[in-house]
Each structure stands twice: as C-alpha cells, then as structure tokens.
Amino acid sequence: MELGFHLPIFDIDGGTTAIAGELARVGAAAEEAGATWLSFMDHYFQIEPTGLPAESNMLEGYTTLGYLAAHTSRVDLGLLVTGVTYRHPGLLAKIVTTLDVLSGGRAVLGIGAAWFEREHRGMGVPFPPIAERFERLEETLRICAQMWDPEDNGPFDGRYYQLAETLCSPQPISRPKVLIGGGGERKTLRLVARHGDACNLFGSSPEDVAHKLDVLRRHCDDAGRDYDTIRKTIVANNPRPTPETRDEFVRAMADYAKLGVQTVIVTPTTGSPAAWIEGMAPAVPQLADLG
C-alpha cells in the first residue's frame, strides 16, 4: 500500500507571504517520505468539511500544481478532484497536458461532477442539476481521451460540448491517468468502470469500501472491463490520522489493504503541512509491508 498527501488548507504559519515557501517544503517532504501522490482541491472558496469558513485562504488548483511541478521530481500530481463545471473540457485537457509536460509525465486527471453550489453562485459559474453535471462529466472524459489520442484530431459533437478540432500539441509525455472521485453507485462508479484508471473513495469503514468495490466490480462486468486494471484509492478520514496516531493508522489500513486498496491519501491539518508530512513519513515503509 502506498501513501499520498492531500492539502486542502492554505492558512499556514506565517500568513500569505509564507505560502509559497511552505508549499515548496511540502513537495520536498513528500518526496523524501516516499509518497507517491500529492494533491490539492479544486475549489475557489474554502469548504465546510475542513472546519474553516469560506473566507479562509484558497489557491487555484492547477496553478498550484504547476508550482509544485517545479519543486518535485517523482511524486504524481493532481487535483482531488477537478470539478467538471469549472473549465471547458478542451481547455481542461490542455491544462492537464501542460502540467504533464512540465512535470516530466507526472500529471493525473482527478475529476468529479462538482458539488459546491455556493462557490458556483459566488464566482458566477453555472451550476446545472446533478444529472446534467454527470452527463457533462462523461462527455468531458470522452473529450480528454480524444485530445490525448495523437491519431485523432477530429471533431467532437456531444450534447453539451462541440469541438471542431481536438488538436493537442504537444501530446502528454505520459498519457495522464484518470482518477474519478466519489462513491455514487449508479453513476460515479459506472463512469469509473467505463472511463477511469483509478477510483477514489472515502475511507469511512472497511465494510463501506468493500461494498463500493463490489458495486464497481459489477459495473466492470457489465462494461466488459477488467476490474483489476482499476487502481483503488481511499482518503483516510475516519478518523483522520496524525503523526501521533501514526501506528494506529497503519494498523487500521491493513483491513483496506486486504480489500485491494493500493493507495491511502491523508490530509495535513496543521499550520505547517510540511512538518506534518515529515511526522507521517515513517508510515510509508509500514504501509508498504501491508502489500
């Protein structure tokens, strides 16, 4: 089992002028620890689940990933997860391609149907009903696949998006893996089976994750997809681990490893995320021993 880090909070020690330096240290700490994943949220206002008000610091995700690309050399980089409503799919494919090229082939497209209505209204971004957002998500996945096919620069004619050309030059160095976030059983996991390279679930309990993976397996059977080709990832949040509870966290992850979960993603919550990551580093070889 591998360890990843996800940073949703930018209210750090030292204030706004300290953010850039702290994020550079985060990249160094993550790679020194042996982590395989580093991500940020795709939000413009802070979200309630962090326990902070909307007015708290929030940076634009892909700009932040570009900065981290210059301060890392090994760890995969992505958003957990890109909201499908925020960017036109053709432009999104180009943004992720740019990240991939500048990071030497380390970009991952983490994507979902988006949910934060206040943020959409506040920023003036249309917020269609959930059924339409999922339909847009499926078209976006198809557009990205076509943009990353060097043999197909032709048009895309969908219900919501029409592209006269799907030209993407340069092509990504390494075709970005597609990680679809969420555990919705009728729509999200069906999209994983049809279009995803990885899923991301909330690690609420081993029983819940086992159920979600069983649903995913059935969707794979329906789609003629090999279930084992999909990478299984979770966010550990029940409870969130800390450096002080690191050993307890590793023991709890054994049950998820038995289910086939390959990556567990944890979230720093302190004023110095780099120091928090350094405190979690000994968990990396312990998790690797789980299989």
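Conventions used here
- Residues numbered from 1 in each chain as written.
- Predicted model: local features only at pLDDT ≥ 70, side-chain atom pairs only at ≥ 80, totals over all residues.
- Heavy atoms only, no water.
- Helix = DSSP H or I, 4+ residues; strand = E, 2+ residues; numbered from the N terminus.
- Polar contact = N/O pair within 3.5 Å; in protein donor to acceptor, adjacent residues only side chain to side chain.
- Buried < 20%, exposed > 50% of the residue type's maximum accessible area, 1.4 Å probe, protein only.
- Arc of directions from axis to C-beta.
- Contact = heavy atoms within 4.5 Å.
- Pairing = 2+ DSSP bridges.
- Axes fitted to C-alpha atoms, helices over the stretch in contact; angles between N-to-C directions.
- UniProt positions renumbered as here; feature names shortened; annotations may be inferred.
- Salt bridge = Lys/Arg side-chain N within 4 Å of Asp/Glu carboxyl O.

S.K.: Tell me about the side chain of T72, residues and numbers included.
M.R.: Residue placement: T72 occurs in the loop between α2 (61-69) and β3 (76-79). Reaching out from T72, the side chain makes a polar contact with the backbone oxygen of L68 at a distance of 2.7 Å. In terms of polar contacts, T72 uses its side chain to reach the side chain of R106, at 2.9 Å.

S.K.: Got a sec to walk through α2? Specific residues and values, please.
M.R.: All buried positions along α2 are accounted for by G61, Y62, T64, L65, L68 and A69. Here the buried residues of α2 occupy an arc of 155° about the axis, which is enough to place them on one side. Looking at the buried side of α2, the elements it contacts are α1 (19-33), β2 (37-40), β3, β4 (82-83), α3 (89-103) and β5 (108-112). The backbone nitrogen of Y62 has a side-chain oxygen 3.2 Å away, supplied by the residue at the start of α2, namely E60.

S.K.: Hey, could you go over the sheet that holds β5 for me, with residue numbers and the actual values?
M.R.: Taken in spatial order, the 9 strands line up as β3-β2-β1-β11-β10-β9-β8-β5-β4 in an open sheet, and their pairing is parallel. Each edge of the open sheet is held by one strand with a lone partner, namely β3 and β4. Alignment of β2 against β3, held across 4 bridges, turns out to be parallel. By the bridge assignment, F40 is partnered in β3 with L79. Contacts between α3 and the sheet are confined to β3, β4 and β5, with β5 contributing the most and set at about 150° to the helix. Across the sheet, helix α5 (residues 130-147) touches β5 and β8 (177-181), and the angle it forms with β5 is around 165°.

S.K.: Please give an account of the environment of L179 that cites residues and values.
M.R.: Structurally, the position occupied by L179 is in strand β8. Accessibility expressed as a relative area gives 4% for L179, which makes it buried. Sequence separation between L179 and R231 is 52 residues, and the spatial gap between their C-alpha atoms is 8.5 Å. Those residues in contact with L179, other than ones at most four positions away along the chain, are W37, L80, V81, V108, L109, G110, I111, A198, C199, N200 and T233.

S.K.: Provide a residue-level description of the UniProt feature "domain: Luciferase-like" (unreviewed entry) in the chain, including the pertinent values.
M.R.: The UniProt record marks residues 2-234 with the feature "domain: Luciferase-like" (unreviewed entry), using the residue numbering of this structure. Secondary structure content for residues 2-234 is 39% helix and 17% strand, while the C-alpha to C-alpha distance between its ends is 11 Å.

S.K.: Just give me the short version of the pattern of salt bridges, but keep the residues and values in it.
M.R.: Applying the stated criterion to the full structure yields 10 salt bridges. The closest approach of N and O atoms between E2 and R231, which form a salt bridge, is 3.0 Å. A residue pair is termed long-range when its members are at least 10 positions apart, and E2 in strand β1 (residues 2-7) and R231 in strand β10 (residues 231-236) qualify at 229 residues. Taking relative accessible area as the criterion, R231 reaches 29% and is therefore assigned partly exposed.

S.K.: Now, about the environment of N238: what can you tell me, with residues and values included?
M.R.: Along the polypeptide, N238 turns up in the loop between β10 and α8 (246-258). On the accessibility criterion, N238 (53% relative accessible area) is exposed. Between the C-alpha atom of N238 and that of A252, which follows or precedes it by 14 residues, the distance is 9.9 Å. Setting aside residues up to four positions removed in sequence, N238 forms contacts with G203 and S204. At 2.4 Å, the side chain of N238 and the backbone oxygen of S204 are in polar contact.

S.K.: Before we move on, could you go through the side chain of S103 and cite the residues and values that matter?
M.R.: Relative to the elements of secondary structure, S103 occurs in helix α3. Note on S103: relative accessible area 7%, which makes it buried. With residues up to four places along the chain from it excluded, the contact list for S103 reads A69 and L77.

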